[in-house]
Amino acid sequence: MTPGRDVMSCWKKIPMSETQAVVFVIDDDISVREGLTDLLRSIGLGVEAFDSTQAFLDRKRPDVPGCIVLDLRLPGRSGLEFQQTLSKLDIQLPVIFISGHGDIPISVRAIKSGAIEFLTKPLDEQEVLDAVQAGIERDGARRQEAALTTQLNARFDSLTEREREIMSLVIAGNLNKQIGFDVGLSEMTVKVHRSHVMQKMRAKCLIDLVRMADRLGVTKTNPKR
């Protein structure tokens with residue numbers, strides 16, 4: 001592994017919220033596994049190393065942000081084939097390919113298939129750290145998005161059928177009076193339902209509610225004419 005710039009300088013750029021992230025190293029070469037493990041642990045990251053893709057699949061993974069550093073050429077199932085397996089199993093950890101062969105067509109295939117980086121051996125330490133940082137940040141962002149969507153779905157599920165009906169009319173920009181006429185309720189009753197929707201969805205304003213609805217795929221409804 002080729003030394004890069006001061007590796008500790010890279011650690012300063014990694015958000016502290018991600019210090020418990022785990023990097024999964026998969027390479028049949030023990031010297032590569034040990035080298036990467038030492039490098040990544042030196043900046044405070046968790047590391048789990050495997051000599052095969054099956055060993056990785058057999059391991060219960062911690063539910064924390066992370067990424068995979070994957071050797072392209074492995075005995076049996078290749079790195080590219082394993083990348084497809086990860087997709088089928090809905091394992092969404094970002095993949096960083098490493099290879100001792102500067103094969104441009106294969107590297108292009110890897111990137112097109114979703115890999116975030118393709119590094120050649122001997123590995124440059126700083127390039128590895130930069131790629132790992134990018135992978136962890138991407139996985140952290142994905143997890144935050146998924147958590148937010150889960151929360152929004154739970155809030156939406158707490159709405160009554162009537163409140164969902166009112167919400168679909170509200171996000172279309174209709175006034176309380178228009179909504180009341182459409183659904184057969186008084187303007188005051190619509191106002192109460194609208195208030196409940198805002199409270200349950202934890203929306204601070206109409207724009208917030210519209211953005212939440214867009215994320216959830218809630219259909220906007222216009223009053224009947």
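Quick look at the structure, then.

Counting buried residues in strand E3 (residues 66–71) gives six out of six residues, a clear majority hidden from the surface. In terms of strand pairing, strand E1 (residues 22–26) meets E3 through five bridges, oriented parallel. Within E3, the position partnered with Val-23 by the bridge is Cys-67. In this sheet, strand E4 (residues 95–99) lies alongside E3 in parallel orientation, the contact comprising four bridges. Pairing of Asp-71 across the sheet is with Ile-98, part of E4. Between the parallel elements E3 and E4, the chain passes through helix H4 (residues 79–88) in a crossover that is right-handed.

Contact geometry of helix H7 (residues 161–170) with helix H8 (residues 176–183) gives a least axis separation of 10 Å together with a crossing angle of 130°. Here H8 runs oblique to H7, going by the angle between their axes. With respect to the hand of their crossing, H7 and H8 are arranged in right-handed fashion. Contacts from Arg-162, Glu-165, Ile-166, Leu-169 and Val-170 in H7 reach Ile-179, Asp-182 and Val-183 in H8.

As a further point, take the sheet that holds E1. Spatial strand order, E2-E1-E3-E4-E5: five strands in an open sheet with parallel pairing. On the outer flanks of this sheet lie strand E2 (46–50) and strand E5 (117–120), each paired with one strand and no other. On average, each strand axis in the sheet is inclined to that of its neighbour by 20°, with strand direction left out of account. Seen against the sheet, helix H6 (residues 125–157) touches E1, E3, E4 and E5 and runs at an angle of roughly 135° to E3.

What counts as what
- Residues numbered from 1 in each chain as written.
- Predicted model: local features only at pLDDT ≥ 70, side-chain atom pairs only at ≥ 80, totals over all residues.
- Heavy atoms only, no water.
- Buried < 20%, exposed > 50% of the residue type's maximum accessible area, 1.4 Å probe, protein only.
- Helix = DSSP H or I, 4+ residues; strand = E, 2+ residues; numbered from the N terminus.
- Pairing = 2+ DSSP bridges.
- Right-handed = clockwise from strand over helix to strand, strands pointing away.
- Axes fitted to C-alpha atoms, helices over the stretch in contact; angles between N-to-C directions.
- Parallel < 35°, antiparallel > 145°, perpendicular 65-115°, else oblique.
- Left-handed = near helix turned anticlockwise from the far one by under 90°.
- Contact = heavy atoms within 4.5 Å.

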